[in-house]
Amino acid sequence: MFTMQDVNDTNRMIEENKLDIRTITMGISLRDCGHPDSKVLCRNIYDKVTRTAEKLVQTGEDIEAEYGIPIINKRISVTPIAIAAESCRTDSYVEVARALDAAAKEVGVNFIGGFSALVEKGYTNGDRILIRSLPEALAVTERVCSSVNLGSTKAGINMDCVREMGEIIKLTAERTKDRDALGCAKLVVFANAPEDNPFMAGAFHGVGEPETTIHVGVSGPGVVKRALEDVRGRDFSTVAETIKRTAFKITRVGQLVAQEAARRLGHPFGIIDLSLAPTPAVGDSVAHILEEMGIESCGAPGTTAALALLNDAVKKGGLMASSHVGGLSGAFIPVSEDAGMIAAVERGSLSLEKLEAMTCVCSVGLDMIAVPGDTSAATISAIIADEAAIGMINNKTTAVRIIPVPGKKVGDSVEFGGLLGYSPILAVSKFKSDDFIARGGRIPAPVRSLTN
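Points about the overall build of the protein
So, point 1. Along the backbone of the protein there are 15 helices and 14 strands.
So, point 2. Compactness check: the protein gives a C-alpha radius of gyration of 21 Å against a globular reference of 22 Å for 452 residues, within 12% of the reference.
So, point 3. The principal-axis extent of the C-alpha atoms belonging to the protein is close to 60 × 55 × 50 Å.
So, point 4. Residues classed as buried in the protein amount to 60% of the 452 residues present.
So, point 5. Long-range pairs, those at least 24 residues apart, make up 79% of the contacts in the protein with a sequence separation of at least 6.
So, point 6. Total accessible area computed for the protein in this model is approximately 17500 Å², and 50% of it derives from carbon and sulfur atoms.
So, point 7. One finds the centroid of the 48 positive side-chain charges in the protein at a distance of 2 Å from the centroid of its 56 negative side-chain charges.

Here you go:
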């Protein structure tokens, strides 16, 4: 039950500290849509998505108006298309991407995720078709998001796919160079991808999920920072306890919205993802939380320890506030989407190498990283390999959303707009890893994978 104090605290968090529900994401299974004929497949997918999600946006807007809780995005995730479309006799899934995009526009959602493949042990024919389709599909659609999971703690790392994804990212950047390589902002490369993640661009509806489900992603970096302002100079136990209590309150709001949305839509409640998801807006930054702990500028020595404390305390506080927690759940550090991260890069305190170190202890990985357009495909692949290794060895989700912007170099910046924000171009090591990436094959799973 919510007390009057809970209501007052929530109102203050919304009005003063930018608390919001970042997304309501409806997961939809497309496993019954398969057909050998491409036109029939696309029609099946379009019809199912538009029929199932017909009331999603209106329901979110109704809840927002009635409860006074901002709900920023309404989204859809679907069965990985490499699975759903595999029976189709075609050599391209671009038309499937167009069908997803049209369905997303029809129901009014911000993004639809699941133009995806799961290839941590190797490729099927559908996986190969989907990956080859990525540059064109992301160029001709507006709302379609894509992901490729190429590593896991159980399976190891598919280095053939690591090599290929460096090339695919470069091709995607080239196909969308008129929009500063925007297609790459809708493409995530994962290790240990969760099947119930509500956040884009990595959301997809996993094969273990029910027919439909409602996931909610909360946010609230500004709320956490404001709470820490009240304990300046106190010890880390107090800091951790303050974050835990704040995360509990934030997650309770998400639980309320998720249960109400699921009830009204008639679909089962899935999970709350209690990640702190920043935006470019002032007062909504994960980097500023770390600086509130005493770091002069995000990226300075101590940043990784501060982020570890934050991530752990958010999880501990949120777990007690929801019946089902999942997705990524922790703290995101997307450079272009966090005003404090942007400022830290511009000041010179935050580098690509420091960001990689930070990904060892946070929710995801190298997220929304803009790099020079002449960065080679092999170098991008090597960056992906490093992040996948961190995820594999540490049994956690890691990801790379990297954007080689054609014509841009270090010292330039790029504007993506909206929640995607803007970013300075980060420097990349001049030393090469071409021979390493050329080896191919599969990096074996670590010994910790043998848990049976």
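Moving on, there is more to tell.
As for empty space enclosed by the protein
So, point 1. Counted by the stated rule, this structure contains one cavity of 30 Å³ or more.
So, point 2. Roughly 30 Å³ of internal volume is contained in the largest cavity.
So, point 3. The wall of the largest cavity is formed by Val218, Ala247, Ile250, Thr251, Leu274, Leu276 and Val314.
So, point 4. If you tally residues by element for the lining of the largest cavity, the top one is helix 9 (residues 236–265), at three residues.
So, point 5. Looking at side-chain class alone, the lining of the largest cavity contains six nonpolar, one polar and no charged residues.

A few points about the side chain of Thr359
So, point 1. Looking at where Thr359 falls in the secondary structure, it is placed in the loop between helix 13 (352–358) and strand 10 (366–372).
So, point 2. With a relative accessible area of 0%, Thr359 lands in the buried category.
So, point 3. Residues in contact with Thr359, not counting those within four places in the same chain, are Ile333, Val364, Gly365, Leu366, Glu387, Ile390, Lys396 and Thr398.

Some points on the pairing of strand 4 (residues 144–149)
Consecutive residues of a regular strand have side chains that alternate between opposite faces of the sheet.
So, point 1. Of all six residues making up strand 4, six are buried, and the element is well covered by its neighbours.
So, point 2. Burial along strand 4 is two-sided: Val144, Ser146 and Val148 facing one way and Cys145, Ser147 and Asn149 facing the other are all buried.
So, point 3. Handedness of the β-α-β unit built from strand 3 (residues 111–118), helix 6 (residues 125–140) and strand 4 comes out right-handed.
So, point 4. Across four bridges, the pairing between strand 4 and strand 7 (residues 187–191) is parallel. From the neighbouring strand, Ser146 faces strand 7, where its bridge partner is Leu187.

Quick look at the packing of aromatic side chains
So, point 1. Within the structure shown, the criterion is met by one aromatic pair.
So, point 2. Measuring from ring centre to ring centre gives 5.0 Å for Phe199 and Phe332, while their planes differ by 75°; the resulting arrangement is edge-to-face. Pair noted here: Phe199 is in the loop between strand 7 and strand 8 (212–218) and Phe332 is in the loop between helix 11 (303–319) and helix 12 (339–347), with a separation of 133 residues, a long-range link.
So, point 3. On the basis of relative accessibility, which here comes to 7%, the residue Phe332 falls in the buried class.

Overview of the packing of helix 5 (residues 94–107) against helix 6
Helix-helix packing is described using two parameters, namely the angle between the two axes and the distance between the axes.
So, point 1. Their axes nearest at 9 Å, the elements helix 5 and helix 6 cross at an angle of 30°. With respect to helix 6, the axis of helix 5 lies roughly parallel. The hand of the helix 5/helix 6 crossing is right-handed. Contacts between helix 5 and helix 6 involve Val94, Ala97 and Arg98 on the former and, on the latter, Ser133, Glu136, Ala137 and Val140.
So, point 2. A class-by-class count of the residues in the contact of helix 5 with helix 6 yields four nonpolar, one polar and two charged.

Overview of the pairing of strand 10
So, point 1. In terms of residue burial, strand 10 counts as a mostly covered element, since seven of its seven residues are buried.
So, point 2. Pairing analysis gives six bridges linking strand 10 to strand 11 (residues 398–405), with the strands arranged parallel. Residue pairing in the sheet places Asp367 in a bridge with Arg401 of strand 11.

What about the sheet that holds strand 14 (residues 442–443)?
So, point 1. Read from one edge of the open sheet, three strands run 5-6-14, paired in antiparallel fashion. At either end of the open sheet lies a strand with only one pairing partner, and these are strand 5 (151–152) and strand 14.
So, point 2. Pairing between strand 5 and strand 6 (residues 156–158): two bridges, direction antiparallel. From the neighbouring strand, Gly151 faces strand 6, where its bridge partner is Ile157.
So, point 3. The sheet strands contacting helix 7 (residues 159–175) are strand 6 and strand 14, and the helix crosses strand 6 at an angle near 45°.

Brief notes about a nonpolar patch on the surface
So, point 1. On the surface, Phe248, Leu319 and Met320 cluster together into a nonpolar patch covering about 330 Å² of accessible area.
So, point 2. By secondary structure assignment, the location of Met320 is in the loop between helix 11 and helix 12.
So, point 3. By relative accessible area, Met320 is classed as exposed at 65%.

Regarding helix 11
The periodicity of an α-helix, 3.6 residues per turn, causes residues three or four places apart in sequence to face the same way.
So, point 1. Given a rise of 1.5 Å per residue, 17 residues ought to cover 24 Å, and the 24 Å separating the end C-alpha atoms of helix 11 matches this to within 8%.
So, point 2. Within helix 11, the full set of buried residues consists of Thr303, Ala306, Leu307, Leu309, Leu310, Asn311, Ala313, Val314, Gly317 and Gly318.
So, point 3. Along its buried surface, helix 11 packs onto helix 8 (221–229), helix 9, helix 10 (286–292) and helix 13.

What about the environment of Gly441?
So, point 1. Looking at the secondary structure, you find Gly441 in the loop between helix 15 (434–438) and strand 14.
So, point 2. With 38 residues separating them along the chain, Gly441 and Ile403 place their C-alpha atoms 25 Å apart.

A short note on the layout of surface pockets
So, point 1. Its boundaries defined by the atoms lining it, the largest pocket holds a volume of some 430 Å³.
So, point 2. Lining the largest pocket are 31 residues, with Arg75, Met200, Ala201, Glu337 and Arg401 sitting closest to its centre.
So, point 3. Broken down by secondary-structure element, the contributors of at least two residues to the lining of the largest pocket are strand 2 (71–78), strand 7 and strand 11.
So, point 4. A class-by-class count of the residues in the lining of the largest pocket yields 19 nonpolar, six polar and six charged.

Here is what the cut-offs are and how they apply
- Residues numbered from 1 in each chain as written.
- Predicted model: local features only at pLDDT ≥ 70, side-chain atom pairs only at ≥ 80, totals over all residues.
- Heavy atoms only, no water.
- Helix = DSSP H or I, 4+ residues; strand = E, 2+ residues; numbered from the N terminus.
- Rg over C-alpha atoms; globule rule 2.2 N^0.38 Å.
- Buried < 20%, exposed > 50% of the residue type's maximum accessible area, 1.4 Å probe, protein only.
- Contact = heavy atoms within 4.5 Å.
- Areas by Shrake-Rupley, 256 points an atom, 1.4 Å probe, with all protein chains shown as cover.
- Lys, Arg positive; Asp, Glu negative; His and termini not counted.
- Charge placed at Lys NZ, Arg CZ, Asp CG, Glu CD.
- 1 Å grid on protein atoms, 1.4 Å probe; cavity = no way out; pocket = protein on both sides within 12 Å on 5 of 7 lines; lining within 4 Å.
- Points joined across faces, edges and corners; volume = space filled by probe spheres on them.
- Nonpolar A, V, L, I, M, F, W, Y, C, P; charged D, E, K, R; others polar.
- Right-handed = clockwise from strand over helix to strand, strands pointing away.
- Pairing = 2+ DSSP bridges.
- Phe/Tyr/Trp six-rings, centres within 6.5 Å; stacked < 30°, edge-to-face > 60°.
- Axes fitted to C-alpha atoms, helices over the stretch in contact; angles between N-to-C directions.
- Parallel < 35°, antiparallel > 145°, perpendicular 65-115°, else oblique.
- Left-handed = near helix turned anticlockwise from the far one by under 90°.
- Patch = residues over 30% accessible without salt bridge, like charges linked within 9 Å, V, L, I, M, F, W, Y side chains within 5 Å.
- Salt bridge = Lys/Arg side-chain N within 4 Å of Asp/Glu carboxyl O.
- Expected span 1.5 Å × (residues − 1).

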